[in-house]
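These are the residues of each chain, in order.
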Amino acid sequence: LAAQGDGALGGELVGLYHQARDEDWSWARLQAAILGRVFSGHDLMIVSGNDPNLHRAAGEIYQRILSERGALADAARRRGAELIARGWHAQISERSLARPLFRMDQGRRVPLDPDQGCIEYSSLRPGVLLRSPVQDWLIRPAGVVVGPGELAYLRQLDPVYTALGIPCPPRIPRLTGWLAPPRLDPRALADPTRDSGPDSGQLDAWADRAADAAAAAVRQVLARELDVEKSRAVDLAAGRARRFRKGVRALLEAEAIRKSREIDTVGPAWLVPQGARQERKLGSYAAAARWGEDLISVLIQAADSHLQSGLYGDWSEYLIEVE
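The structure displayed is predicted, hence computed values, not measured ones.

### Points about the pattern of salt bridges
The tally for this structure, following the rule as stated, stands at 19 salt bridges. Note that Glu253 is salt-bridged to Arg249, the shortest N-O span being 3.4 Å. Of this pair, Glu253 and Arg249 both sit in helix 10 (residues 230-261), 4 residues apart, which is roughly one turn of the helix. Glu253 sits in the partly exposed class, given a relative accessible area of 37%. Salt bridges sharing partners connect three or more residues here, namely Arg79, Glu82, Arg155, Asp158 and Arg171.

Put into structure tokens, the structure is as follows:
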């Protein structure tokens, strides 16, 4: 970022990072300051989700939640099972379903005791299950921008919204696009996200092979070097190998994806950073620092066009030329 901080916007962003370091700002404060500067003049309002006054204002909906939280969790749990049966995914874990509310205790979030008596609403904080419903009850947004993961998460919350009587705001597909140099060679944007390569079964087989070899080696050391009885050596090695297999499986999958994304990029390194889409690997603040105010204005225009076209079902990917 510092290397790109020659322009007015870039220089100010670098200055904010230095100020945050020198004055020991929290990460949240720094992010708010950066967003406020990047989108200054564009009617951006930043709301702190940790503001006690905000949660005090949500007292009415918290009162309902406190009396129905078990039923709300059950509704989301059933909805998750329905989504899985349809080939989707249940985004909310059982742990999150069991801990829908937290309270602030000396700056830390702690799970709310179901049997706790009098509760000050300003100290409450919603967990994963209730974050979006509480937010939408408070702010009443005209629309919510979502990606695939957020959409699956919100689909699981549909019955929670219904039970609380909260209207679901329109869910708008997020804008996707590319920053590209003028007269780009089309080969440079060959799909870097394609998932070719070994399938899941092959990855499982390789992980199994690695885990079996690791288990055999551990058994041998336990038995020969430490004289551990055979049955115990087998159990210990098997338990460790199961954990080892999970890590190896994840590593193999990540490497398979990385290799499948490698393309001969005709253009600058930032065009397809590390073989991935820019939205995954290109730092947004670094891009803002490099291309400055003009880029922000063009992005706002693209977002407006995205919404207008979407009214007619035309959700397109955008190509933005930059020098």
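Once the structure has been displayed, the description carries forward.
### A few points about the nonpolar core
One finds Ile65, Leu129, Leu130, Leu157 and Val160 to be the most contacted residues of the largest nonpolar core, which totals 26 residues. Those elements that provide at least two residues to this core are helix 4 (59-85), helix 6 (131-139), strand 4 (144-146), helix 7 (148-156) and helix 8 (158-164). For this core, the leading source of residues is helix 4, giving 6 residues. Residues in contact with Leu129, not counting those within four places in the same chain, are Leu72, Ala73, Ala76, Ile92, Ser96, Leu97, Pro100, Leu157 and Val160.

### A few points about the packing of helix 1 (residues 8-23) against helix 2 (residues 27-38)
Packing of helix 1 against helix 2 brings their axes to within 10 Å, and their N-to-C directions diverge by 165°. In terms of orientation, helix 1 lies roughly antiparallel with respect to helix 2. Handedness of the crossing formed by helix 1 with helix 2: right-handed. Judged by residue contacts, Leu9, Glu12, Leu13, Leu16, Tyr17, Ala20 and Glu23 of helix 1 engage Arg29, Leu30, Ala33, Ile34, Arg37 and Val38 from helix 2. Split into classes, the residues belonging to the contact of helix 1 with helix 2 amount to 9 nonpolar, no polar and 4 charged.

Conventions used here
Residues numbered from 1 in each chain as written. Predicted model: local features only at pLDDT ≥ 70, side-chain atom pairs only at ≥ 80, totals over all residues. Heavy atoms only, no water. Salt bridge = Lys/Arg side-chain N within 4 Å of Asp/Glu carboxyl O. Helix = DSSP H or I, 4+ residues; strand = E, 2+ residues; numbered from the N terminus. Buried < 20%, exposed > 50% of the residue type's maximum accessible area, 1.4 Å probe, protein only. Core = buried A, V, L, I, M, F, W, Y, C linked by side-chain atoms within 4.5 Å. Contact = heavy atoms within 4.5 Å. Axes fitted to C-alpha atoms, helices over the stretch in contact; angles between N-to-C directions. Parallel < 35°, antiparallel > 145°, perpendicular 65-115°, else oblique. Left-handed = near helix turned anticlockwise from the far one by under 90°. Nonpolar A, V, L, I, M, F, W, Y, C, P; charged D, E, K, R; others polar.

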